[in-house]
Amino acid sequence: MFFVDTLEFEGLGNRSHLAGGSGAAVVVDPPRDIDQVIAAAARRGVRIAFVAETHVHNDYVSGGLELARVTGADYLVPAGAHVSFARTPMADGDTVRVDAGLTLRAIATPGHTPHHTSYVLTEDGRDVAAFTGGSLLIGSVGRPDLVEPRLTERLARAQHASAHRLADELDDAVPVLPTHGFGSFCSSSQATGDSSTIGRERRTNDALTKDADTFVAELLAGLDDVPAYYAHMGPANAAGPAPVDLTPPARADGEEIAARLAAGEWVVDLRSRVAFAEGHVAGSFNFEGRGKLATHLAWLIPWGKPVTLLAGTPGQIADAQRELARVGIDRPAAAATGDPAGWIRSGERLASFPRARFADLARLRGRGERVVVLDVRRGSERADGFVDGSHHIPLHELHRRIGEVPDGTVWVHCAGGMRAAIAASLLDAAGRDVVAVDDGFDAAVEAGLTLRADSTG
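In what follows, the accompanying structure is described.

Turning our eyes to something else, we now look at the nonpolar core. If you look at the biggest cluster of nonpolar residues, it comprises 52 residues, and the most contacted ones within it are Phe287, Leu297, Leu374, Leu398, Val412 and Leu427. Not counting residues within four places of it along the chain, the set of residues in contact with Leu374 comprises His391, His392, Ile393, Leu398, Val405, Val410, Trp411, Val412, His413 and Leu427. Val37, Val51, Ala68 and Ala238 belong to the second-largest nonpolar core, a separate cluster that totals 23 residues.

Laid out in structure tokens, this is it:
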């Protein structure tokens, strides 16, 4: 009997898959921290015989090359991918024997990238799983705009054709096991559900229910912002990523933290937004360790800027270090844990700023007081409605556009509170008076604030 184990990486919205039989297995689209994959294979008691990439990834650093080196597995990479290392090229229709009775077959599914390849696991001649990478996702497809703007429409049409090819060649009962689509910005839209089959996608996925022209027009119209760090992922994966180093960073005291801030380095506080607002090192930034740390930090930080991490415990530092390594932010310059009072120099005080709800903002406006309201949601979110009179700078643009924020106390909000806290920390570090609105956006209406429903203002 075959098995498929799925490894979830919630912070990046991705999954990797370990599939095989009683003796050997294949890993599809592994993460950079390969120890988790090796542990999963050990629990199954199988040898990793193959490592397969569906494409050269744009959203994370792959551990495929290192995993193949460590385990001695064959490294399967789409034949059309331009890479700088030795691998086994997989062209459309190529097969490998994974274990007794188990075969892996390559199906060319261009669209997310020109060379994208899906893999179908077959047991005794019957297709039992489809690893679709960034092609056919759950209720969606992978983005076609991450390679080259001039190719976007062509790749969108290829996505439509690739989805139909998978649906035509595979039975309805075959599970669809994508890499992207669980919060990843590689997905063209939000995934609808946690699991699916070819049959379900045939009934519900726009790529399979709409004609090509309609599908492409809607897909291109709905594309969102691309995280800035994506520009670095593809080249790193094509060149062959270096092995990950998760050894603990050096400890920093208040003097060193102050020196790093003075040098223009980033000091990132991983604690909750509540704790950060109550007291933090002046000049530090708040990226909650339990949020989408890697996505938001990698999107905002000037690439290559040294990072010092602050957290309550060494375990929280280790978790953050692991997640950041997945997007190429390697080796924190230093770290500090424990009481924030120990992160500042003698005689200094922790900084703080207030938190509030939309109801507090409504009361303030009801008294006729004028404040600056800053919306840091993405443009696609704001287009669905925004607080009348608010200013708009998406979070990922705020660091370089802080000078555009009008004078006065800034009440900053997002859709739920986490991004507002990041933005508040950026503004606070820049010396602005700030109030972080820690509230769901639905509460703005409930509070009586006037909303506008167009994309201007």
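With that settled, the discussion passes to the environment of Asp92. Among the structural elements, Asp92 can be located in the loop between strand 6 (88-90) and strand 7 (95-99). The sequence separation of Asp92 and Ala108 amounts to 16 residues, and the corresponding C-alpha distance is 5.0 Å. Setting aside its immediate chain neighbours within four residues, Asp92 contacts Ala106, Ile107, Ala108 and Arg165. At 2.9 Å, the side chain of Asp92 forms a polar contact with the backbone nitrogen of Ala108.

Further remarks concern the sheet that holds strand 7. Backbone hydrogen bonds hold the strands of a sheet together, and the pairing may be parallel or antiparallel. Spatial strand order, 7-8-9-10-11-12: 6 strands in an open sheet with mixed pairing. Single-partner strands in this sheet number two, and they are strand 7 and strand 12 (196-197). Strand contacts of helix 3 (residues 152-169): strand 8 (102-108), strand 9 (117-123) and strand 10 (126-133), with the helix running at about 145° to strand 8, the strand carrying the most contacts.

Right, let's get into the side chain of Glu53. Positionally, Glu53 belongs in the loop between strand 4 (47-52) and helix 2 (64-71). No salt bridge forms around the buried Glu53; measuring N to O, its nearest opposite-charge neighbour Arg87 is 11 Å away. Reaching out from Glu53, the side chain makes a polar contact with the side chain of Ser62 at a distance of 2.4 Å. Here the side chain of Glu53 touches Tyr75 through a polar contact of 2.6 Å, side chain to side chain.

Cut-off values and rules
- Residues numbered from 1 in each chain as written.
- Predicted model: local features only at pLDDT ≥ 70, side-chain atom pairs only at ≥ 80, totals over all residues.
- Heavy atoms only, no water.
- Core = buried A, V, L, I, M, F, W, Y, C linked by side-chain atoms within 4.5 Å.
- Buried < 20%, exposed > 50% of the residue type's maximum accessible area, 1.4 Å probe, protein only.
- Contact = heavy atoms within 4.5 Å.
- Helix = DSSP H or I, 4+ residues; strand = E, 2+ residues; numbered from the N terminus.
- Polar contact = N/O pair within 3.5 Å; in protein donor to acceptor, adjacent residues only side chain to side chain.
- Pairing = 2+ DSSP bridges.
- Axes fitted to C-alpha atoms, helices over the stretch in contact; angles between N-to-C directions.
- Lys, Arg positive; Asp, Glu negative; His and termini not counted.
- Salt bridge = Lys/Arg side-chain N within 4 Å of Asp/Glu carboxyl O.

These results come straight from atomic positions and should not be treated as a statement about function.
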